[in-house]
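# Fold and contact review
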Amino acid sequence: MDKSRELTAKIKLVNDKLHFSGSVDSNDPISIDYISPIGDDLGYTSLELLLLSLSSCVGSSILVILRKMHKSIAGLEINTTGLRNENHPTCFHTINLDLNLRSPNTSFEELNKVISLSEETYCPVWAMLKGNVEIKINSEIISS
């Protein structure tokens, strides 16, 4: 099966609360849980995984495009914060991504163009959230 077209996730309950072990295809399992007292704090929460998914999707698409532009990349760090609704459903209403790129030859104009391409075309997680969650990106380039 082509992983780009179909992914199969599996979760299995581990305890008598909300601790699951989950994996996709043949990848190593991860722990998924909920906060105490409903859960046991033994793994990532579902919303934490969503933040990681968005961050890694944005980061991956940005890196692929910059590398195709022959930009030198010394590092990339994305710190992501999700702001939740106070009432149920307590989903995110805003997600802030603070992107720190280490590149000696990438301009802010180029980075902003690449971020726009990520949003508009290349990041499927962003596309799924768009229209439901406000996503803001602050970026910094360290040229050393």
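What comes next is a walk through the structure. Just so we're clear, the structure is a prediction, and the values are computed from it rather than from any experiment. Per chain, residue numbering runs from 1 following the sequence as it is written. Whole-chain, interface and lining totals are the exception, using all residues; otherwise, since this is a predicted model, local features are given only for residues with pLDDT of at least 70 and side-chain atom pairs are given and counted only at 80 or more. Processing note: side-chain calculations cover all non-hydrogen atoms of the structure and skip hydrogens and water entirely.

Turning our attention to the overall build of the chain. Per the secondary structure count, the chain includes 3 helices and 6 strands. Runs of E in the DSSP output that reach at least two residues are strands. Runs of H or I that reach at least four are helices, and both are numbered from the N terminus. The order of α-helices and β-strands along the chain, N terminus first, is β-β-β-α-β-β-α-α-β. Considered along the principal axes of its C-alpha atoms, the chain spans approximately 55 × 40 × 30 Å. Every one of the 144 residues in the chain was classed for burial, and the buried ones make up 29%. The criterion used for residue contact is that any of the two residues' heavy atoms lie within 4.5 Å. Partitioning the contacts of the chain with sequence separation of at least 6, the portion at a separation of at least 24 is 48%. Working definition of accessibility: Shrake-Rupley area with a 1.4 Å probe, residue cover restricted to the visible protein chains. Carbon together with sulfur atoms contributes 53% to the accessible area of the chain, which is approximately 9,400 Å² in total. Buried means the residue's accessible area, taken with a 1.4 Å probe over protein chains only, is under 20% of the maximum for its type, while exposed means over 50%, and partly exposed covers the values in between.

Negative phi is the rule for most residues except glycine; trans is the rule for most peptide bonds. Cis geometry is found at the peptide bond from S36 to P37, where omega equals 5 degrees. Residue placement: P37 occurs in the loop between β3 (30–32) and α1 (46–68). The residue after H88, namely P89, is reached through a cis peptide bond having omega -5 degrees. As for its placement among the helices and strands, P89 is situated in the loop between β4 (75–84) and β5 (92–102). For H70, which is not a glycine, the phi torsion comes out positive at approximately 65 degrees. Position of H70 relative to the elements: it lies in the loop between α1 and β4. Judged by its relative accessible area of 69%, H70 is exposed.

Our next topic: the layout of surface pockets. Taken as a whole, the largest pocket spans an internal volume of roughly 570 Å³. Residues are grouped as follows: Ala, Val, Leu, Ile, Met, Phe, Trp, Tyr, Cys and Pro are nonpolar; Asp, Glu, Lys and Arg are charged; every other residue, Gly included, is polar. A class-by-class count of the residues in the lining of the largest pocket yields 9 nonpolar, 5 polar and 2 charged. Only protein atoms enter the 1 Å grid used here, on which a cavity is any set of points holding a 1.4 Å probe that cannot leave and a pocket is any open set flanked by protein within 12 Å on both sides along at least five of seven lines; residues with an atom within 4 Å of a point are listed as lining. Grid points are joined across faces, edges and corners, and a volume is the space filled by probe spheres set on the points.

When a carboxyl oxygen of Asp or Glu lies within 4 Å of a side-chain nitrogen of Lys or Arg, that pair is called a salt bridge. Applying the stated criterion across every chain, the model contains 4 salt bridges. Ionic pairing is found between E110 and K71, a salt bridge with its closest N-O pair at 2.9 Å. With a gap of 39 residues between them, E110 in helix α2 (residues 108–122) and K71 in the loop between α1 and β4 connect regions that are remote in the sequence. Classification of E110 as partly exposed rests on a relative accessible area of 23%.

On the secondary structure map, T121 appears in helix α2. Remark: the alpha-carbon pair of T121 and S61, spanning 60 residues in sequence, is separated by 9.4 Å.

With that out of the way, let us pick up the sheet that holds strand β1 (residues 9–13). Any two strands with at least two DSSP bridges between them are considered paired. The strand order β1-β2-β3 describes an open sheet built from 3 strands, whose pairing is antiparallel. Strands at the two margins of the open sheet, each flanked by one partner only, are β1 and β3. Each neighbouring strand pair of the sheet contributes to a mean axis angle of 30 degrees, computed without reference to strand direction. The pairing of strand β2 (residues 20–24) with β3 spans 3 bridges and is classified as antiparallel. In the sheet register, F20 faces β3, and the bridge partner there is I32. In this analysis an axis means a line fitted to C-alpha atoms, helices contributing only their contacting stretch, and an angle means the value between N-to-C directions, from 0 to 180 degrees.

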